[in-house]
Amino acid sequence: MEPTATAKRRRFRPQFSLRTLIVLTFIVAVAVTWAVIHERRYSAACDVVARISDEGTVVVQDYWSGKERTLAAGELPGRWEDIVEVQWEMDFPRLKDLKPIQSGQRKYIFFGIDGSPIYDFTKPQKSPEDIRRLGNLPRLTRLSIGDIDSGEEIEVVSQLQGLEYLALSGIEIKNNDLKHLAQLQNLKYLSFEGDGVTAAGLKHLAPLKELCILDISRAHLGDELGDVLRQFPKLTHLYLEFAGIEKLHLKPPLNLRFLQLGMEVQELSIATSCQVEAIDVSTTNITNANFAAWDAHCGLKRLAANNELTVEALAAHPLASQLEHLTVWTTSEETRHEWDSAIVNFPRLKSLVVLYPKHRLQVSAREILVKDQQRVIRDFDDVDDYWDSLDPTGP
């Protein structure tokens, strides 16, 4: 009997169609490209953090959980963390950090009573290249920055299209700079100092249709501001400090809910259809006569009054029946006692804060809380103690 031939084992060779090979190649190429882009973004993020160093604050967001945290000094972000906020403002260092003057850097000097220099120190000025680094942060939505020149640097900032929050400090913004900021059409918060900004220049910001909060100081807006504000349909909060306004007339359509005015303001008028819920005129020159002309149907619930507005004027106005929170300045401790009895003229009042000078250089405060027709009174020798006592999560 002849021996049977042993069958040869065939090696397994995977076979792929051309379509399968193309799909696999595409998937690998996409994965490699994504890894390269992610590595570049991570390197750029580390570069930004290294440049800011101890001068600023960086907030990162975890890619998977969405949780945010603030990086410690010298700490780099994780590979799966995106930078979402940068606070890089001009900040005066502590005395022990003072350094000698070096050429090519911006100089700051403190002077004594006799005019002689006491301390001088330097702080490097941010360059356009420093600002361009921020352009490598695709998820950056909040930026607070200072100590840059208007012009080229502002133009670079305007390229950060993802920004929703922008605060510019120590920068003299001009009308032409607003043309660049108008490109940030996702902005919801904008704060700047505009020594060269007028109401006409503010019209350049008309494309910012998502803007909710606007904070302007040291500008020359003039009395035409009321007309310009109507170009911001979602504007709810407006802060004006030394903005060059004597008269402000609020007209519809306007969605404003909170208004804070500076000391140069002498007259304010509010149309009936403008439902402004909170107004702060504590540093203005508004008088009893102007307050009496305020529309009784403007929806006001919170008011911070100046020391020009008397107890009688506030209590006699129809708005007294709808105010829920009231802060007033009085000229003396004796005047403060008038409010202990005048509170009955405000039937819906939930809180009353009376600020008064107790000594020459000291402002004291009395807070009266009304709940279930009962009064809770707290006295503070120093007004700072009152501010510190407030619950930041409160109304």
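Refer to the structure printed above.
Computed from a predicted model, the values in this text were never measured in an experiment. (Residues numbered from 1 in each chain as written. Predicted model: local features only at pLDDT ≥ 70, side-chain atom pairs only at ≥ 80, totals over all residues. Heavy atoms only, no water.)

Participant: Explain the overall build of the protein chain to me, please; I cannot follow it from the model alone.
Facilitator: When its secondary structure is counted, the protein chain shows 10 helices and 19 strands. Residue burial in the protein chain is summarised as follows: out of 395 residues, 39% are buried. Within the protein chain, counting contacts between residues at least 6 apart in sequence, those at least 24 apart form 40% of the total. Accessible surface, the protein chain: about 22,600 Å² in total, of which carbon and sulfur atoms supply 52%. (Helix = DSSP H or I, 4+ residues; strand = E, 2+ residues; numbered from the N terminus. Buried < 20%, exposed > 50% of the residue type's maximum accessible area, 1.4 Å probe, protein only. Contact = heavy atoms within 4.5 Å. Areas by Shrake-Rupley, 256 points an atom, 1.4 Å probe, with all protein chains shown as cover.)

Participant: Just to check I follow, could you spell out the packing of aromatic side chains for this structure?
Facilitator: For any pair of aromatic rings, geometry is given as the distance between the ring centres together with the angle between the planes. By the definition in use, this model includes nine aromatic pairs. Taking 4.2 Å as the distance between ring centres and 5° as the angle between the ring planes, the aromatic pair formed by Tyr165 and Tyr189 counts as stacked. Note that Tyr165 is positioned in strand 7 (residues 165–174) and Tyr189 in strand 8 (residues 189–196), a separation of 24 residues in sequence. Judged by relative accessible area, which is 27%, Tyr165 ranks as partly exposed. Residue Tyr189 is classed as buried on the basis of its relative accessible area, which comes to 18%. The interplanar angle of 65° and the centroid separation of 5.6 Å between the aromatic rings of Phe380 and Tyr386 together place this pair among those described as edge-to-face. Among the residues examined, Phe380 registers a relative accessible area of 12% and is labelled buried. Judged by relative accessible area, Tyr386 falls into the buried class, the value being 6%. Taken together, the aromatic side chains of Trp34, Tyr63, Trp64 and Trp80 make up a single cluster linked through ring pairs. (Phe/Tyr/Trp six-rings, centres within 6.5 Å; stacked < 30°, edge-to-face > 60°.)

Participant: Honestly, the side chain of Asp295 in this entry has me stumped. Any pointers?
Facilitator: Along the chain, the position of Asp295 falls in the loop between helix 7 (288–292) and strand 15 (302–304). For the buried Asp295, no salt bridge exists, and the shortest N-O distance to an oppositely charged side chain is 13 Å, to Arg257. In terms of polar contacts, Asp295 uses its side chain to reach the backbone amide nitrogen of His297, at 2.7 Å. (Lys, Arg positive; Asp, Glu negative; His and termini not counted. Salt bridge = Lys/Arg side-chain N within 4 Å of Asp/Glu carboxyl O. Polar contact = N/O pair within 3.5 Å; in protein donor to acceptor, adjacent residues only side chain to side chain.)

Participant: Honestly, a nonpolar patch on the surface in this entry has me stumped. Any pointers?
Facilitator: A cluster of nonpolar residues, Val23, Leu24, Phe26, Ile27 and Val30, forms a patch on the protein surface that exposes about 470 Å² of accessible area. Within the element layout of this structure, Phe26 appears in helix 1 (residues 18–52). (Patch = residues over 30% accessible without salt bridge, like charges linked within 9 Å, V, L, I, M, F, W, Y side chains within 5 Å.)

Participant: Just to check I follow, could you spell out the side chain of Glu264 for this structure?
Facilitator: Note that Glu264 resides in the loop between strand 12 (258–260) and strand 13 (267–270). Among buried Asp, Glu, Lys and Arg side chains, Glu264 stands out as unpaired, with Arg218 the closest opposite charge at 10 Å. For Glu264, the side chain forms a polar contact with the main-chain nitrogen of Ala243, separated by 2.7 Å. Reaching out from Glu264, the side chain makes a polar contact with the backbone nitrogen of Gly244 at a distance of 3.2 Å. What Glu264 contacts, discounting residues up to four positions off in sequence, is Phe242, Ala243, Gly244, Ile245 and Glu246.

Participant: Where do I start with the pairing of strand 19 (residues 374–380) in this structure?
Facilitator: Each regular strand displays side chains that alternate between the two surfaces of the sheet. In this sheet, strand 19 lies alongside strand 18 (residues 362–371) in antiparallel orientation, the contact comprising seven bridges. Across the sheet, Lys371 pairs through a bridge with Gln374, a residue of strand 19. Counting the residues between successive antiparallel strands, the hairpin from strand 18 to strand 19 contains two residues, one of them, Asp372, with a positive phi of roughly 55°. (Pairing = 2+ DSSP bridges.)

Participant: What am I meant to see in the nonpolar core here?
Facilitator: In summary, soluble globular proteins display a tendency toward joint burial of nonpolar side chains. Counting residues in each nonpolar core, the largest one holds 88 residues, and the members touching the most others are Leu250 and Leu303. Beyond its immediate stretch of four places on either side in the chain, Leu303 contacts Ile279, Val281, Phe291, Trp294, Leu314, Leu323, His325, Leu326 and Thr327. Membership of the second largest hydrophobic core comes to six residues, among which are Val353, Leu355, Phe380 and Val383. (Core = buried A, V, L, I, M, F, W, Y, C linked by side-chain atoms within 4.5 Å.)

Participant: What am I meant to see in the pairing of strand 17 (residues 351–359) here?
Facilitator: Judged from the five bridges that link them, strand 16 (residues 325–329) and strand 17 form a sheet pairing that is parallel. Pairing of His325 across the sheet is with Ser351, part of strand 17. As a crossover connection, the stretch from strand 16 through helix 9 (residues 333–342) into strand 17 is right-handed. In the sheet, strand 17 pairs with strand 18 via eight bridges, with the strands oriented antiparallel. (Right-handed = clockwise from strand over helix to strand, strands pointing away.)

Participant: What am I meant to see in the environment of Arg218 here?
Facilitator: Within the element layout of this structure, Arg218 appears in the loop between strand 9 (213–217) and helix 6 (225–228). On a C-alpha basis, the gap between Arg218 and Gly196 in space is 8.7 Å, while along the polypeptide they are 22 residues apart. The residues touching Arg218, leaving out its near neighbours within four places in the chain, are Glu193, Gly194, Asp195, Glu241, Phe242 and Ala243.

Participant: Whenever I open this one, the environment of Ile279 confuses me. Can you help?
Facilitator: Mapping Ile279 onto the fold places it in strand 14 (residues 278–280). According to the relative accessible area criterion, Ile279 is buried, its value standing at 2%. Separated by 20 residues in sequence, Ile279 and Leu259 place their C-alpha atoms 4.8 Å apart. In contact with Ile279, not counting residues within four places along its chain, are Leu259, Leu268, Ile270, Trp294, Leu300, Arg302, Leu303 and Ala304.

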